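# Secondary and tertiary structure notes
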Amino acid sequence: MVLKVFFPSCCSSADSGILIGRWISEQSSAVILAVVHFPFIPVQVKQYLGEVQRVTNVSVSVLGSWSNSKQEKEESLSEFLEDLGTIFCHEPWIQISKEGDSKFWSCSTLQKHSKNPQEEEIILVYYDQRKVMLSHLHPPLDTAAQGPEDASKLSAIFDTVARSQVLFMTDRYDEGPIKLTHWQSDGVEASIIVELLKQASVPACMLLTFLLSLVSGICKSRVLKFWPLSFLWSKLSTCEQLGHRLQHLQVISSNKKAQNQNQLMRKANIFVSLLIDVALGMLLMSWLYRKNRIGHLADTLIPVADHVAEELQDLLQWLMGAPAGLKMNRALDQVLGRFFLYHIHLWISYIHLLSPFIEMILWYVGLSACLGLTVALCILSDIIALLTFHIYCFYVYGARLYCLKIYGLASLWRLFRGKKWNVLRQRVDSCSYDLDQLFIGTLLFTILLFLLPTTALYYLVFTLLRLLVVIVQGLIHLLVDLIDSLPLYSLILRLCRSYRLAAGVKFRVLEQQDGKPLRLLMQINPLSYGGVVQTYRLPTYSCYPRDSWASLCKKLFLGELIYPWKHKGDKQN
């Protein structure tokens with residue numbers, strides 16, 4: 001029979017006394033939690049352990065004795081330690097002793113009440129009590145007593161240490177009748193700043209909850225459900241980002257306690273993400289309002305818009321000629337070219353009409369950076385969408401005309417084969433056509449086929465321009481999603497205190513000698529950085545196309561529209 005004794009490394013230098021902990025009979029394991037020093041009164045120790053067991057629901061008891069003698073072992077002390085086994089009555093009674101500066105420990109068991117005592121092989125496992133306590137490999141603290149299935153797992157060791165937190169709240173400076181040695185014996189870990197922040201967070205959260213309830217009530221009002229406002233709210237990525245941050249603030253300010261570790265880490269990640277987002281936004285705002293950069297940006301914006309319009313005019317003039325030596329349908333080419341040139345003329349007039357107000361608009365838009373860098377980036381994306389609205393119109397016109405001809409040619413091709421599309425059954429059925437229908441179909445097919453290259457060229461050019469704008473917006477929203485979803489607190493915790501994010505444990509052999517217990521060191525394996533991002537990644541929303549390459553190529557070939565907004569497409573629980 002193998003007996004496993006989990007001994008905290010913080011107690012290796014403790015004075016002689018008794019070992020208190022939990023005995024897990026299903027595993028034949030003893031989890032040592034603390035050492036009670038001499039002198040003590042056994043009745044007071046039993047009362048103290050009863051109170052701890054009532055609070056923590058952990059069967060804490062006296063498991064054995066601990067002897068740390070720097071001199072030669074005294075016979076009176078050894079006899080006294082053996083007699084303690086009859087007072088506290090635990091089978092088996094574990095005796096661990098450390099003699100002088102020797103690196104080998106002696107560990108033995110006594111079974112006084114057993115009729116057939118067996119010699120047991122003992123494995124002494126050292127563990128860092130602080131890391132085991134603060135790691136999150138153990139189950140949630142509010143779970144009930146474990147069943148037989150859970151008792152066979154290593155998590156029972158972590159659960160025992162985690163649920164015995166009350167036992168670690170006393171240090172050597174307490175004036176109680178019982179002196180303990182554990183990982184907080186020199187003083188309970190605490191911070192005055194943290195405690196003050198905890199006290200100040202209660203009224204701050206109440207005020208923030210009240211303000212957020214007002215804002216959410218306004219957002220859910222019927223006024224925003226009417227057509228113009230509802231359309232803008234669904235199309236502008238700034239509104240989506242504000243709604244997303246509003247949900248984050250509601251999660252942070254909620255007075256509901258986190259039920260498990262994932263909820264706690266989610267709140268912490270959202271809080272750190274908001275702080276960094278606002279800090280970056282304030283840096284951006286301070287940079288914009290220095291040295292009149294807003295005015296310089298407004299003065300640069302109009303010439304850039306004029307230059308883009310001139311380049312589009314030159315492109316249309318090139319398409320109205322013989323682009324790349326291609327033979328185009330001149331009549332259709334001239335009609336499409338003049339139609340698009342007229343739209344560019346309207347766009348230039350619109351830009352120059354707004355030119356006196358652009359600096360004022362940019363000045364007020366710059367103030368939005370105080371809400372966070374992500375809000376400023378979403379506003380930049382919306383500004384790009386508004387400044388390239390004429391390119392979007394060109395793309396829509398070209399795509400609709402190209403799509404009409406593609407579907408017309410497909411329908412007429414089915415007419416030649418004696419087929420038709422059954423709308424009710426959503427399939428292709430056979431059909432007989434008379435001579436007039438075939439003649440008209442031939443004429444229409446010929447016309448559409450010879451006009452297709454001209455339409456396809458315009459569609460191809462404006463689709464490439466549209467894809468360029470979508471790529472720029474996609475890069476901006478990728479940065480927004482990175483700030484929104486990156487678990488910054490978890491990554492910082494993984495970098496500074498990797499044991500807080502445990503993925504498992506490993507054992508290292510410290511010493512092995514015949515006649516001596518095998519000594520192992522239990523170490524915690526932290527999560528990898530990829531695992532941290534995958535486990536604690538925050539939910540976000542998608543503002544750019546996430547179609548596969550095959551789906552995107554199919555849409556481009558058929559002339560279907562590509563939208564830059566696909567909201568609520570990346571929700572996570």
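Calculation criteria
- Residues numbered from 1 in each chain as written.
- Predicted model: local features only at pLDDT ≥ 70, side-chain atom pairs only at ≥ 80, totals over all residues.
- Heavy atoms only, no water.
- Helix = DSSP H or I, 4+ residues; strand = E, 2+ residues; numbered from the N terminus.
- Areas by Shrake-Rupley, 256 points an atom, 1.4 Å probe, with all protein chains shown as cover.
- Salt bridge = Lys/Arg side-chain N within 4 Å of Asp/Glu carboxyl O.
- Phe/Tyr/Trp six-rings, centres within 6.5 Å; stacked < 30°, edge-to-face > 60°.
- Buried < 20%, exposed > 50% of the residue type's maximum accessible area, 1.4 Å probe, protein only.
- Core = buried A, V, L, I, M, F, W, Y, C linked by side-chain atoms within 4.5 Å.
- Contact = heavy atoms within 4.5 Å.
- pLDDT = per-residue confidence, 0-100.
- UniProt positions renumbered as here; feature names shortened; annotations may be inferred.
- Polar contact = N/O pair within 3.5 Å; in protein donor to acceptor, adjacent residues only side chain to side chain.
- Pairing = 2+ DSSP bridges.
- Axes fitted to C-alpha atoms, helices over the stretch in contact; angles between N-to-C directions.
- Parallel < 35°, antiparallel > 145°, perpendicular 65-115°, else oblique.
- Left-handed = near helix turned anticlockwise from the far one by under 90°.
- Nonpolar A, V, L, I, M, F, W, Y, C, P; charged D, E, K, R; others polar.
- Lys, Arg positive; Asp, Glu negative; His and termini not counted.

### What to know about the overall build of the protein chain
Scanning the protein chain from terminus to terminus reveals 18 helices and 12 strands. Taken as a whole, the protein chain presents about 32,700 Å² of accessible surface, with 63% of it coming from carbon and sulfur.

### Some points on the pattern of salt bridges
This model, assessed by the stated rule, comprises 4 salt bridges. For Asp484, the salt bridge identified is with Arg245, shortest N-O distance 2.8 Å. Taken together, the residues Asp484 in helix H15 (residues 435–485) and Arg245 in helix H8 (residues 237–253) connect sequence positions 239 residues apart. For Asp429, the salt bridge goes to Arg427, with nearest N and O atoms at 2.9 Å. One salt-bridge network, in which partners are shared between bridges, spans Arg245, Asp277 and Asp484.

### Concerning the packing of aromatic side chains
Evaluated as defined, the whole model comprises 15 aromatic pairs. Considering the side-chain rings of Phe7 and Trp66, the 5.2 Å spacing of their centres and the 35° angle between planes classify their relative orientation as tilted. Of this pair, Phe7 sits in strand E1 (residues 2–8) while Trp66 sits in strand E4 (residues 60–69), and the two are 59 residues apart along the sequence. For the pair formed by Phe7 and Trp66, the shared burial category is buried. Relative to Trp363, the ring of Tyr289 has its centre 5.7 Å away and its plane inclined at 85°; by these criteria the two rings are edge-to-face. Of this pair, Tyr289 sits in the loop between helix H9 (261–288) and helix H10 (293–320) while Trp363 sits in helix H12 (residues 358–366); the two residues are 74 residues apart in sequence, bridging distant segments of the chain. Aromatic rings pair up to connect Phe339, Phe340, Phe394, Tyr397, Tyr458 and Phe462 into one cluster.

### Some words on the nonpolar core
Core analysis: the largest hydrophobic core is formed by 38 residues, its most contacted members being Val45 and Leu167. For this core, the secondary structure elements donating two or more residues are strand E2 (17–24), strand E3 (29–37), helix H1 (42–56), E4, strand E7 (121–127), helix H3 (129–134), helix H5 (155–163) and strand E12 (518–526). Not counting chain neighbours up to four residues away, the residues in contact with Leu167 comprise Ile20, Leu33, Ala34, Tyr48, Val52, Leu180 and His182. Ile32, Ile94, Trp105 and Tyr126 belong to the second-largest nonpolar core, a separate cluster that totals 19 residues.

### Notes on the confidence of the model for the protein chain
Within the protein chain, residue pLDDT values average 78, and 76% of them lie at 70 or more. Within the model, the stretch residues 140–152 combines pLDDT values under 50 with 17 contacts to residues more than four positions away or in other chains. Note on residues 565–573: pLDDT is under 50 here. Beyond four places in sequence and across chains, it has 31 contacts.

### Looking at the environment of Phe38
Looking at the secondary structure, you find Phe38 in the loop between E3 and H1. Separated by 22 residues in sequence, Phe38 and Ser16 have C-alpha atoms that sit 6.8 Å apart.

### A word on the UniProt feature "transmembrane region" (unreviewed entry) in the protein chain
On the UniProt side, "transmembrane region" (unreviewed entry) is annotated at positions that read residues 200–219, 270–289, 335–354, 361–388, 394–416, 437–461 and 467–492 here. The span residues 270–289 is 95% helix and 0% strand, and its two end C-alpha atoms sit 28 Å from each other. The straight-line gap between the two end C-alpha atoms of residues 335–354 is 29 Å; of that span, 100% is helix and 0% is strand.

### Regarding the side chain of Arg500
With respect to the helices, strands and loops of the structure, Arg500 is situated in the loop between helix H16 (488–496) and strand E11 (502–511). Judged by relative accessible area, Arg500 falls into the buried class, the value being 17%. Among the polar contacts made by the side chain of Arg500, one reaches the main-chain carbonyl oxygen of Leu134 at a distance of 3.1 Å. Arg500 has contacts with Leu134, Ser135, His136 and Leu493, leaving out every residue within four places of it along the chain.

### Observations concerning unusual backbone geometry
In this structure, Asn57 is a non-glycine residue whose phi angle is positive, near 60°. Mapped onto the elements of the fold, Asn57 is located in the loop between H1 and E4. Even without glycine at this site, Asn292 takes up a positive phi of about 55°. Here Asn292 shows up in the loop between H9 and H10. Judged by relative accessible area, Asn292 falls into the partly exposed class, the value being 46%.

### Some thoughts on the pairing of E1
Of all the 7 residues making up E1, 5 are buried; the element is thus mostly covered by neighbouring parts of the structure. Relative to E3, E1 is paired through 3 bridges, and the arrangement is parallel. Across the sheet, Lys4 pairs through a bridge with Ser29, a residue of E3.

### Quick word on the packing of helix H13 (residues 373–387) against H15
It is at 10 Å that the axes of H13 and H15 come closest, and there the two elements cross at 170°. One element, H13, and the other, H15, form an angle in the roughly antiparallel class. Along this stretch, H13 crosses H15, giving a crossing that reads as left-handed. The residues of H15 that touch H13, namely those facing Leu373, Thr374, Leu377, Cys378, Leu380, Ser381, Ile384 and Ala385, are Val469, Val472, Gln473, Ile476, His477, Leu479, Val480, Ile483 and Asp484. Tallied by class, the residues present in the contact of H13 with H15 amount to 12 nonpolar, 4 polar and 1 charged.

### Looking at the packing of H16 against helix H17 (residues 529–536)
Running from N to C, H16 and H17 cross one another at 150°; their axes reach a closest spacing of 9 Å. Relative to H17, H16 is oriented roughly antiparallel. Of the two possible hands of crossing, H16 and H17 adopt the one that is right-handed. For the pair H16 and H17, the contacting residues are Ser490, Leu491, Arg494 and Leu495 in the first and Tyr529, Val532, Val533 and Tyr536 in the second.

### With respect to the side chain of Asp382
Within the secondary structure, Asp382 sits in helix H13. Here Asp382 occupies a buried position and makes no salt bridge, while the nearest side chain of opposite charge, Arg466, is found at 10 Å. Side chain to side chain, Asp382 and Ser237 meet in a polar contact 3.0 Å long.

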